[in-house]
Amino acid sequence: MNQDIINKAAEIIERNCIKGGEYKGQICVLTLIDAEGFPTSSVIAPSKSDGINWITLCTSLDGNSAKRSANCNRASICFGTSEYSINLVGEIEVVTSADVKREMWYDGCGEYFTSPDDPNHCVLRFTTKRYKFFVDGQEAEGRLS
């Protein structure tokens, strides 16, 4: 039963990521730890994912999300509506590789950066360690190895 819920959650996450480089208002909630040790949440567009295993997000290198991620790699991502709740807990890293920045680029990034090679553009890569889902009236929680 858990694998069915995991597969459904993965499909929901994939639907909420940018497809074909086109941003259509997809968002998730990213929670990070600030300099004082408190959790802080913000909405952000998820670029790509591999099911529930990892999610990438584009942001600015000098912004709070990148700074907080660099200071503390603990993070949480949440997708939710009245129909489902997907909570992922794991680790996050700041990626500045030119190849990764080009791969994760989507049209909406152009509002904030000149190109994928903009020196202020970076990618946050979130890797799931544990999860808790409520999907299709069923709950599941567990850990990824």
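Predicted, not measured: the structure shown is a model, and the values here were computed from it.

Q: Help me understand the packing of aromatic side chains in this model?
A: Any aromatic ring pair is given by two values, namely how distant the centres are and how the planes are angled relative to each other. Evaluated as defined, the whole model comprises 2 aromatic pairs. Here Tyr131 and Phe133 contribute two aromatic rings whose centre-to-centre distance is 4.7 Å and whose plane-to-plane angle is 15°, an arrangement assigned as stacked. For the pair Tyr131 and Phe133, a shared accessibility class is recorded, and that class is buried. Positioned above the aromatic ring of Trp54 is the side chain of Arg125, whose terminal nitrogen or guanidinium carbon lies 4.4 Å from the ring centre.

Q: How should I be thinking about the nonpolar core in this particular structure?
A: The nonpolar side chains of soluble globular proteins are, as a tendency, buried together. Counting 29 residues, the largest nonpolar core has Ile52, Ile86, Leu88 and Phe133 as the members making the most contacts within it. Of all elements in the fold, only α1 (2-15), β1 (28-33), β4 (54-60), β5 (74-80), β6 (84-95) and β7 (121-135) reach the threshold of two or more residues within this core. When residues no more than four places from it in sequence are discounted, the contact partners of Leu88 are Ile13, Ile52, Ile55, Ala75, Ser76, Ile77, Phe126, Thr128, Arg130, Tyr131 and Phe133. Within the second largest apolar cluster, 9 residues are counted, among which are Ile18, Val95, Phe113 and Val123.

Criteria and cut-off values
Residues numbered from 1 in each chain as written. Predicted model: local features only at pLDDT ≥ 70, side-chain atom pairs only at ≥ 80, totals over all residues. Heavy atoms only, no water. Phe/Tyr/Trp six-rings, centres within 6.5 Å; stacked < 30°, edge-to-face > 60°. Buried < 20%, exposed > 50% of the residue type's maximum accessible area, 1.4 Å probe, protein only. Lys NZ or Arg CZ within 6 Å of the ring centre and 35° of its normal. Core = buried A, V, L, I, M, F, W, Y, C linked by side-chain atoms within 4.5 Å. Helix = DSSP H or I, 4+ residues; strand = E, 2+ residues; numbered from the N terminus. Contact = heavy atoms within 4.5 Å.

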